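Summary of structural features
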Amino acid sequence: ISLGVAHSHVLSSSSPSSESLKKTIIDRCEAFIQKNKSSSANNCQKIWSAFEQAFVGRDPCNVPMEAYDPLIHTVIQDPVCNRMLFWSKTKKIAHDFTEKRDCFLTLEDTLVGFVMNELTWCGKEESNETFTTGCPGWTDCVNNTVRSFWNRASAAFADAACGDVTAMLNGSIATPFSPTSVFATIEVKRFKAAKIKSLSVVLVTKENEGTTCDDPSLQDLQKEIDPKLKYNCKAVPE
Ligand code: AVW
């Protein structure tokens, strides 16, 4: 069965210079489709065009997440019920885990997430060019090119969530459910009780230290979700 999953250890992901962003994106897109036959209905050239129109010629601090709607609508992606893994402040450990276990899938294991992972890009007003340096950072302005992309892609990933959903959170920090994270501000808010049966939090902890499943921020998470959705939390040593 083709699972629609690609992992970074099997596919190369070179880092681009400004002229080759297009090449990097198309190469990654084609490599993904090669490995994930269920994605073969996608056209990488069309995906590039839809991506590019979101930010080229725009002030890089004034790209709302909706600018990526055409991109999200262009990508054909099967939902993968029961196997979706959300994460917050656990980027490395969550991806180390999904690399080893083909059953779970993060946003970065889907086509758009895989293609844009770790890239920086932006445009400029009154210019046709694409830049990969000198772009605003994550917190420099709210509607920056890169952050709006991840907000939009995360929204689409959460919209598609179904069955039993898992979230890997960091038990070594004071607030594992951080109210300013993408997980809290975008993803949890989009979880639909009609499609999702349960949310399982995996709280990654250092042996016998850090926060527990009783943490107040996790109680906030429980309050945020629809009461029809089953909630459970398990502390797991790293
Ligand atoms: P995260 P999220 N400066 O670990 O819940 C620079 O907080 O937000 O997890 N880069 C930043 C900043 C910042 N202040 N904040 C976030 N980032 C970037 C998509 C950075 O690349 C997946 F579906 C960091 O590694 C997960 O379920 C990344 O955003 C969820 O959203 C994640 O920050 C993870 O987002």
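Here we summarise the structure given alongside this text. (Residues numbered from 1 in each chain as written. Predicted model: local features only at pLDDT ≥ 70, side-chain atom pairs only at ≥ 80, totals over all residues. Heavy atoms only, no water.)

1. A look at the packing of helix H6 (residues 145-159) against helix H7 (residues 182-190)
Stated formally: Here the axes come from fitting lines to C-alpha atoms, over the contacting stretch only for helices, and the angles between their N-to-C directions go from 0 to 180 degrees. Comment: elements are numbered from the N terminus, with helices defined as DSSP H or I runs of at least four residues and strands as E runs of at least two. By definition, turning the near helix anticlockwise from the far helix through less than a right angle yields a left-handed crossing, and turning it clockwise yields a right-handed one. We call two residues contacting when some pair of their heavy atoms lies within 4.5 Å. Charged residues are taken to be Asp, Glu, Lys and Arg, nonpolar residues to be Ala, Val, Leu, Ile, Met, Phe, Trp, Tyr, Cys and Pro, and polar residues to be all remaining types, Gly included.
Following both chains from N to C, one finds H6 and H7 inclined at 35°, their axes separated by 8 Å at the closest point. For the crossing formed where H6 meets H7, the hand is right-handed. Listed contacts from H7 to Asn-151, Ser-154, Ala-155, Phe-157, Ala-158 and Asp-159 of H6 are Val-182, Ile-186, Glu-187 and Arg-190. Across the contact of H6 with H7, the residue classes tally to five nonpolar, two polar and three charged.

2. Quick notes on the state of the cysteines
Rules: Cysteine sulfur atoms that come within 2.5 Å of each other are treated as a disulfide pair.
Overall, the coordinates contain five disulfides when judged by the stated rule. Each disulfide of the protein chain joins two cysteines, and with those cysteines numbered along the sequence the arrangement is 1-2, 3-7, 4-8, 5-6, 9-10.

3. Let's talk about unusual backbone geometry
For Lys-89, which is not glycine, the phi dihedral falls at a positive 60°. In this fold, Lys-89 is placed in the loop between strand S1 (85-88) and helix H4 (91-100).

4. A short note on the sheet that holds strand S4 (residues 230-237)
Backbone hydrogen bonds are what pair the strands of a sheet, in a parallel or an antiparallel way. Stated formally: The rule for pairing is simple: two strands pair if DSSP sees at least two bridges between them.
Across the sheet, which stays open at both edges, the four strands sit in the order S1-S2-S3-S4 with parallel pairing between neighbours. Only two strands of the sheet have a single partner each, and these edge strands are S1 and S4. Direction aside, neighbouring strands of the sheet carry axes that sit 20° apart on average. Bridge analysis of strand S3 (residues 196-205) against S4 gives eight bridges, and the strand direction is parallel.

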